[in-house]
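Structural description and commentary
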Amino acid sequence: MRRKLVAGNWKMHKTVAEAVALVNELKKELADVTDVDVVVAPVFTALAAVAKAIDGTPLGLAAQNCYPEVTGAFTGEVSPTLLKDVGCRYVIVGHSERRRIFQEADDFINRKVRAVTAEGLQAILCVGETLEERDAGKTFDILAAQIENSLRGISAATMERVIIAYEPVWAIGTGKTATACQAQEAHRFLRELLRKMHGVATAAAIRILYGGSVKADNAAALLSQEDIDGALVGGASLMAADFTPIVKQGRN
Ligand code: PGA
């Protein structure tokens, strides 16, 4: 049985004080939730303070991005090594905002997956089609290309440190959610693809999260689907009152 994981992607929001206040609220509200992995992804500037605030709790810390080198002359960048040093256990890679705004392509994302997993951290690899691609009937082709290219050279053993997030681009921050049925269809396709690439055991073990306008009122339907193993939540992760009920709906 795959354990559910619910992650809050705080994007470019929250000062250090605001981030610590939110995580302190989450610690209280989620104290009795032991059957769901809960992860928060603050901005880089708040990672150290949030790491300290969640020390000794089951909450996990994620970075929203990284640069795929260990150390060196890469002005403005942060490596998985440094993220691990500050307390991160997860790194989000290939988010659609990075693909779109920063022109990140699959080969670069592949380097990030390799760098993150080489450091022993979990890569949360985001994939998803645009509305144009969906309307043109290309959803599965796009997902297959993103998965195959982003996971090139990753062994079945390393896949233990990979989590997939299916995030249809048209559902991110738009208030439009994929229906539970549309999401399940994409997740089933992704798991089948992973089975072909890495075998039954890896495909059965890997967690595939759904992301895109997940809210308290649609989380239950999404999280009860057979191949949906959690959620990557943006807007609704910025307040404990919104995020907590989503996490609680991930309980088995
Ligand atoms: P959203 O963002 O929940 O605000 O749609 C999800 C994401 O970008 O990960």
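In case you missed it, the structure is sitting above this.
So, a few notes on the structure that sits alongside this text. (Residues numbered from 1 in each chain as written. Predicted model: local features only at pLDDT ≥ 70, side-chain atom pairs only at ≥ 80, totals over all residues. Heavy atoms only, no water.)

1. Details of the site of the ligand
- Neighbouring the ligand are 13 residues, the closest being Lys11, His95, Glu167, Gly173 and Ser213.
- Take Lys11: an N or O atom from its side chain is 2.7 Å from an oxygen atom of the ligand.
- One of the backbone N or O atoms of Gly235 is found 2.8 Å from an oxygen atom in the ligand.
- Here the ligand has 280 Å² of accessible area as a free molecule, and 97% of this is covered by the chains.
- Grouping the amino acids of the shell around the ligand by side-chain chemistry returns four nonpolar, seven polar and two charged. (Near = heavy atom within 4 Å. Polar contact = N/O pair within 3.5 Å; in protein donor to acceptor, adjacent residues only side chain to side chain. Areas by Shrake-Rupley, 256 points an atom, 1.4 Å probe, with all protein chains shown as cover. Nonpolar A, V, L, I, M, F, W, Y, C, P; charged D, E, K, R; others polar.)

2. Remarks on empty space enclosed by the protein
- With the rule as written, the count across this model stands at one cavity of 30 Å³ or more.
- If you add up the space inside the largest cavity, you get close to 40 Å³.
- Breaking the lining of the largest cavity down by element, the ones donating at least two residues are α4 (96-101) and β5 (122-127). (1 Å grid on protein atoms, 1.4 Å probe; cavity = no way out; pocket = protein on both sides within 12 Å on 5 of 7 lines; lining within 4 Å. Points joined across faces, edges and corners; volume = space filled by probe spheres on them. Helix = DSSP H or I, 4+ residues; strand = E, 2+ residues; numbered from the N terminus.)

3. With respect to the sheet that holds β5
- Strand order in the closed barrel formed by eight strands is β1-β2-β3-β4-β5-β6-β7-β8, and the pairing between neighbours is parallel. With direction set aside, neighbouring strand axes in the sheet form an average angle of 25°.
- As paired elements, strand β1 (residues 4-9) and strand β8 (residues 230-233) share four bridges and run parallel to each other. The residue of β8 that forms the bridge with Leu5 is Gly230.
- Its contacts with the sheet place helix α2 (residues 47-54) against β2 (36-41) and β3 (60-63), and it is angled at close to 170° to β3.
- In the packing of helix α7 (residues 139-150) onto the sheet, the strands contacted are β5 and β6 (162-166), and the crossing angle to β5 comes to about 150°. (Pairing = 2+ DSSP bridges. Axes fitted to C-alpha atoms, helices over the stretch in contact; angles between N-to-C directions. Contact = heavy atoms within 4.5 Å.)

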